[in-house]
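# Structural overview
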Amino acid sequence: MTKARDLANFLGDNTSLGTINDAYDAGTLVPSSSNPNMVINGAMQINQRGDQTGVTTVGYVLDRFLCDFVNVGTNSVTQDTDVPEGQGFAKSMKIACTATQAIEASTRMQITHRLEGFDSVQTKFGTSDAESLTLSFWIKANRSQTFGVNFENELPVGGGVDQGYQTSQTYTTANTWQKMVITISGDTRTGKGFTWNSLKALTFDICLSEAGSDAGGGTASATWSDLTQNQKCTHNTEHFADSTSNYFNITGVKLELGSEATDFQHTEYGDELAKCQRYYQQYGGGSAYHGFFVAGAYNGNTASGYFELSERMRAAPTGSATGIFEGGNGVAQTATLTNFNAYSEHDGSCKLVNIRVSGDGSNYSLGGFLRVRSQNDITARIKFDAEL
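The following refers to the structure shown.

Conventions and cut-offs
Residues numbered from 1 in each chain as written. Predicted model: local features only at pLDDT ≥ 70, side-chain atom pairs only at ≥ 80, totals over all residues. Heavy atoms only, no water. Helix = DSSP H or I, 4+ residues; strand = E, 2+ residues; numbered from the N terminus. Buried < 20%, exposed > 50% of the residue type's maximum accessible area, 1.4 Å probe, protein only. Lys, Arg positive; Asp, Glu negative; His and termini not counted. Salt bridge = Lys/Arg side-chain N within 4 Å of Asp/Glu carboxyl O. Contact = heavy atoms within 4.5 Å. Pairing = 2+ DSSP bridges. Core = buried A, V, L, I, M, F, W, Y, C linked by side-chain atoms within 4.5 Å. Disulfide = S-S within 2.5 Å.

Note that D377 resides in the loop between strand 21 (369-374) and strand 22 (381-385). Despite being buried, D377 has no salt bridge partner; R381 is the closest side chain of opposite charge, sitting 6.7 Å away. Setting aside residues up to four positions removed in sequence, D377 forms contacts with A288, G323 and I324.

In structure tokens:
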């Protein structure tokens, strides 16, 4: 059977065989040079939480990328417009040192991306057919340096400790965008595959600073083996927190099966946002008196309502509210949102959360409905977190 026939079968009845043959003859139909990206938000498009300054601890900023910062000074993490030219990117993540700190035993600084077991089993780890993995990304910094990238299996199907694989990378020209490409072999050892579930599994850490002994005092292993935490950042040569001139920009992060770094696949903003919202959702902030949901009163100052999430979340999320809210059915009163009770679906995901509304007065009508909104507070947010 011809390639044209194969393509016609794949594309369906809406594309004729003649049209495909004509395209081949004209040289306008070419195979895709890109593999699917296992990373979510690799182009740094989504930043639901917003830019953050004064960062000194572990937490998420831009979606799906965990900033694992411990005793590495004070930093800002922002969505930046500095991007590599001609690559189609609009945003990067910028990390900048704003206050210095000497290295301590616990010092570490890494950007971590975690995949679920559901998305990791395609690697075929734990079998003789285990796939190689290729990670590529663009990076820019204020000085040349060597840094480490650590790969992990955080949930081996056979149990036991996490498995790791450490690599060394060299950034050569200061203040210039450089594409890094790292290819590692798959893990063929029995029992070292990934567990098919919604928990963290395949993970990689881009280490951005010389670390203390807790994260950098071990010996790196360029093969899959039992991981100890002091192996992760052994390759880094520069301490990020030694100067407020230090910065990193990162974008175009792609993890794919195979030993070749193929072109980055740009996706629509809405599609990428929906993927991110499996792990984190945030509402509010666009305007004062932002409406959130409707609640039903069951006494004079207490009500509860159901908040429907825009996308199913990975697991029952942790809910929280920040800012000033009000609830009322005639006379509005300042309200506190508590008791976020998530309802799990049959597969463990979540689409619905019940929230208690407690007013500061006693003017709710028993059995009546009230609207819950921000009280002239543009900073008010309702947040749902199901990160790995």
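Now that the structure is up, let's keep going.
So, on to the sheet that holds strand 12 (residues 225-226). With respect to topology, seven strands assemble into an open sheet ordered 2-3-6-11-8-9-12, the strand pairing being antiparallel. Edge positions in the sheet fall to strand 2 (59-60) and strand 12, since each has one partner strand and no second. Sheet topology places strand 8 (residues 145-153) next to strand 11 (residues 200-207); five bridges connect them, and they run antiparallel. Looking at the pairing, N150 lines up with D205 of strand 11.

Of note in the backbone geometry, M44 takes a positive phi value of approximately 60° without being a glycine. The topology assignment puts M44 in the loop between helix 2 (17-26) and strand 1 (52-55). Accessibility expressed as a relative area gives 0% for M44, which makes it buried. A positive phi angle, near 65°, is found at K124, a position not held by glycine. When its relative accessible area of 39% is taken as the criterion, K124 is described as partly exposed.

Before going further, it helps to examine the nonpolar core. Formed by 45 residues in total, the largest nonpolar core has its most connected members in F69, I95, L135, F137, F151, V253 and L255. The element that contributes the greatest number of residues to this core is strand 7 (residues 133-141), accounting for five residues. Among the nonpolar cores identified, the runner-up in size contains 24 residues, and L309, V357, Y364 and V372 belong to it.

Turning our eyes to something else, we now look at the state of the cysteines. What the rule picks out here adds up to zero disulfides. Note on C67: no disulfide assigned, nearest cysteine sulfur contributed by C207 at a separation of 13 Å. C350 carries a free sulfur, and the closest cysteine sulfur to it, the one in C276, is 18 Å from it.

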